[in-house]
Amino acid sequence: MTTMTKTLSASRARFVPALFAALIGVAMITLTGHVQAAALHDAAHDVRHATGFPCH
Amino acid sequence: MFQRFLITSLFAGAAAGLIAGILQLIFVQPVLLHAELYESGELVHFGAEAISAHPDLHGFDAMRDGLSVIFTMLTYTGYTLMLVALMSVAEENGAQIDGRTGILWGIAGFVTFHFAPGLSLAPEVPGVAAADVGARQIWWWATVIGAGIAMWLLAFGRNWTMWGVAVILLAAPHLIGAPEPDVFTGPVPTEIGALFAARAFGVGLATWVLVGCFAGYFWQREGERENG
């Protein structure tokens, strides 16, 4: 039982940072590639085209 | 633990992103600037006189190109965070993660984020006709998520059902179809548009191979340091 709890909490301890890392990643891609706010769009314009994001 | 994620993602993402930014400035930006001459009407395709295929282009623009490099680094750091998250889950389940296997992860990332959506929504030069941007973004995300799951199933699936689901996930967005414009209005010569798409894919693939390799390398190295 103790071993099981340990294994469970160990995998949870790794799963949570992975989830947070992935979420930060999605947020960054959304900001640099997708948000249409004028300032962001203009600054990221060339990158969005060159990286194949839907731009205008 | 989170430190390992951050160090790996920041080092690998920023390094690959910096190289990507430079590659884009060398190979993609001149094509984009060339297309913008047609978008703005400065050059007219099939106008009264033949147009030289080698016009004078703007040189390096510190503000514009500097921002491009910064945003490329941010974009690839974001991608790397997602990649490293998945690498950690795979390692938990017995996969070997290092610089060499990372190359395969990078190719899978390229297919997921560039090639799968780009197969129907090709990288666009400025000025092309396109459907509503919101609709295209929804299609882009749906295709990327489907392709990402498909890559995972292809790599770690153990039977034909999983591989079959992967094929369906890869094909479905293109069979359904991406949002398309009602009419074509692009003023840019097809030669420039084709070169742009090819260059965007080429630089994307080169960068993703680096992203995967760097991410695998730093992930392994930081792991050894934490454990030893």
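See the structure shown above.
Residues numbered from 1 in each chain as written. Chains lettered and ligands numbered in written order. Predicted model: local features only at pLDDT ≥ 70, side-chain atom pairs only at ≥ 80, totals over all residues. Heavy atoms only, no water.

Asks: Outline the overall build of chain B, listing residues and values.
Replies: Counting secondary structure elements, chain B contains six helices and zero strands. Each helix and strand of chain B, ordered N terminal to C terminal, gives the series α-α-α-α-α-α. Overall, chain B is about 70 × 40 × 25 Å in size when its C-alpha atoms are taken along their principal axes. In chain B, buried positions account for 43% of the 228 residues. A separation of at least 24 residues holds for 81% of the contacts in chain B among residues at least 6 apart in sequence. Accessible area of chain B: about 11,600 Å², with a carbon and sulfur share of 67%. (Helix = DSSP H or I, 4+ residues; strand = E, 2+ residues; numbered from the N terminus. Buried < 20%, exposed > 50% of the residue type's maximum accessible area, 1.4 Å probe, protein only. Contact = heavy atoms within 4.5 Å. Areas by Shrake-Rupley, 256 points an atom, 1.4 Å probe, with all protein chains shown as cover.)

Asks: Let's hear about the overall build of chain A: which residues, and what values?
Replies: Regarding its fold elements, chain A presents two helices and zero strands. In chain A, which comprises 56 residues, the proportion classed as buried is 43%. Counting every atom, chain A has about 2,900 Å² of accessible surface; 78% of that belongs to carbon and sulfur.

Asks: Before we move on, could you go through the interface of chain A and chain B and cite the residues and values that matter?
Replies: At the junction of the two partners, chain A supplies 31 residues and chain B supplies 41 residues. Overall, the association of chain A and chain B removes approximately 3,100 Å² of surface from exposure, summing both partners, and the carbon and sulfur fraction of that is 68%. Looking at the side of chain A facing chain B, the largest losses of area belong to A:Arg14, A:Asp46 and A:His49, adding up to 20% of the total buried there. Taken together, chain A and chain B are joined by one salt bridge. If you look at where chain A meets chain B, you find five residue pairs in polar contact (both at pLDDT 80 or more). No other element matches the 16 residues that helix α1 (residues 2-34) of chain A contributes to the side of chain A that touches chain B. For the side of chain A that touches chain B, the residue count by class is 18 nonpolar, 11 polar and two charged. (Buried area = accessible area lost by both parts, 1.4 Å probe. Salt bridge = Lys/Arg side-chain N within 4 Å of Asp/Glu carboxyl O. Polar contact = N/O pair within 3.5 Å; in protein donor to acceptor, adjacent residues only side chain to side chain. Nonpolar A, V, L, I, M, F, W, Y, C, P; charged D, E, K, R; others polar.)

Asks: Run through the side chain of B:Thr75, naming residues and quoting values.
Replies: By the secondary structure assignment, B:Thr75 is in helix α2 (residues 62-92). Once you skip the residues sitting within four places of it in the chain, B:Thr75 turns out to touch A:Ile29, A:Thr32, A:Val47 and A:Phe53.

Asks: Run through the pattern of salt bridges, naming residues and quoting values.
Replies: Should the charged atoms of two oppositely charged side chains come close, the side chains can pair. One pass over the structure, following the stated rule, counts six salt bridges over all chains. Close ionic contact of B:Glu36 with B:Arg64 constitutes a salt bridge, the shortest N to O distance being 3.1 Å. Taken together, the residues B:Glu36 in helix α1 (residues 2-39) and B:Arg64 in helix α2 connect sequence positions 28 residues apart. Via salt bridges that share partners, A:Asp46, B:Glu36 and B:Arg64 belong to a single interconnected network.

Asks: I'd like a rundown of the environment of B:Ala155, residues and numbers included.
Replies: Residue and element names in this part refer to chain B. Relative to the assigned elements, Ala155 resides in helix α4 (residues 133-156). Under the relative-accessibility criterion, Ala155 is labelled exposed at 53%. Put simply, Ala155 and Leu104 are 51 residues apart on the chain and 9.7 Å apart in space, counted from C-alpha to C-alpha.

Asks: So what's going on with the packing of aromatic side chains? Residues and values would help.
Replies: Residues and elements named next belong to chain B. Under the definition given, this model contains 19 aromatic pairs over all chains. Ring centres of Phe11 and Phe218 lie 5.3 Å apart, and the angle between their planes is 80 degrees; on these two criteria the pair is classed as edge-to-face. Separated by 207 residues along the polypeptide, Phe11 in helix α1 and Phe218 in helix α6 (residues 190-227) bring together distant segments of the chain. Owing to a relative accessible area of 44%, Phe11 belongs among the partly exposed residues under this scheme. Note on Phe218: relative accessible area 14%, which makes it buried. Taking 6.2 Å as the distance between ring centres and 75 degrees as the angle between the ring planes, the aromatic pair formed by Trp105 and Trp152 counts as edge-to-face. Of the two residues, Trp105 is situated in helix α3 (residues 99-118) and Trp152 in helix α4; the sequence distance between them amounts to 47 residues. (Phe/Tyr/Trp six-rings, centres within 6.5 Å; stacked < 30°, edge-to-face > 60°.)

Asks: Can you lay out the nonpolar core for me, pointing to particular residues and giving the numbers?
Replies: Judged by nonpolar contacts, the single largest core of 31 residues is most densely connected at B:Phe5, B:Tyr79, B:Leu83, B:Phe113, B:Trp140 and B:Trp208. For this core, the secondary-structure elements that each account for two or more residues are α1 of chain A together with α1, α2, α3, α4 and α6 of chain B. Of all the elements, α2(B) adds the most residues to this core, at nine residues. Among all residues touching B:Tyr79, those that are not within four sequence positions of it are A:Ile29, A:Thr51, A:Phe53, B:Phe113, B:His114, B:Trp140 and B:Trp208. The next biggest cluster of nonpolar side chains, apart from the first, holds 13 residues, and it includes B:Tyr38, B:Leu43, B:Val125 and B:Val188. (Core = buried A, V, L, I, M, F, W, Y, C linked by side-chain atoms within 4.5 Å.)

Asks: Report on α1(B), specifying residues and quantitative values.
Replies: Residues and elements named next belong to chain B. Across its 38 residues, α1 extends only 46 Å between first and last C-alpha, which sits more than 12% below the 56 Å expected from 1.5 Å per residue. At Val28, α1 is deflected by roughly 45 degrees, the largest bend along its length, and proline Pro30 occurs up to four residues later in sequence. In the segment just after α1, Gly41 is the residue with positive phi, at about 90 degrees. (Expected span 1.5 Å × (residues − 1). Bend = angle between axes of the 7 residues up to and from the residue.)

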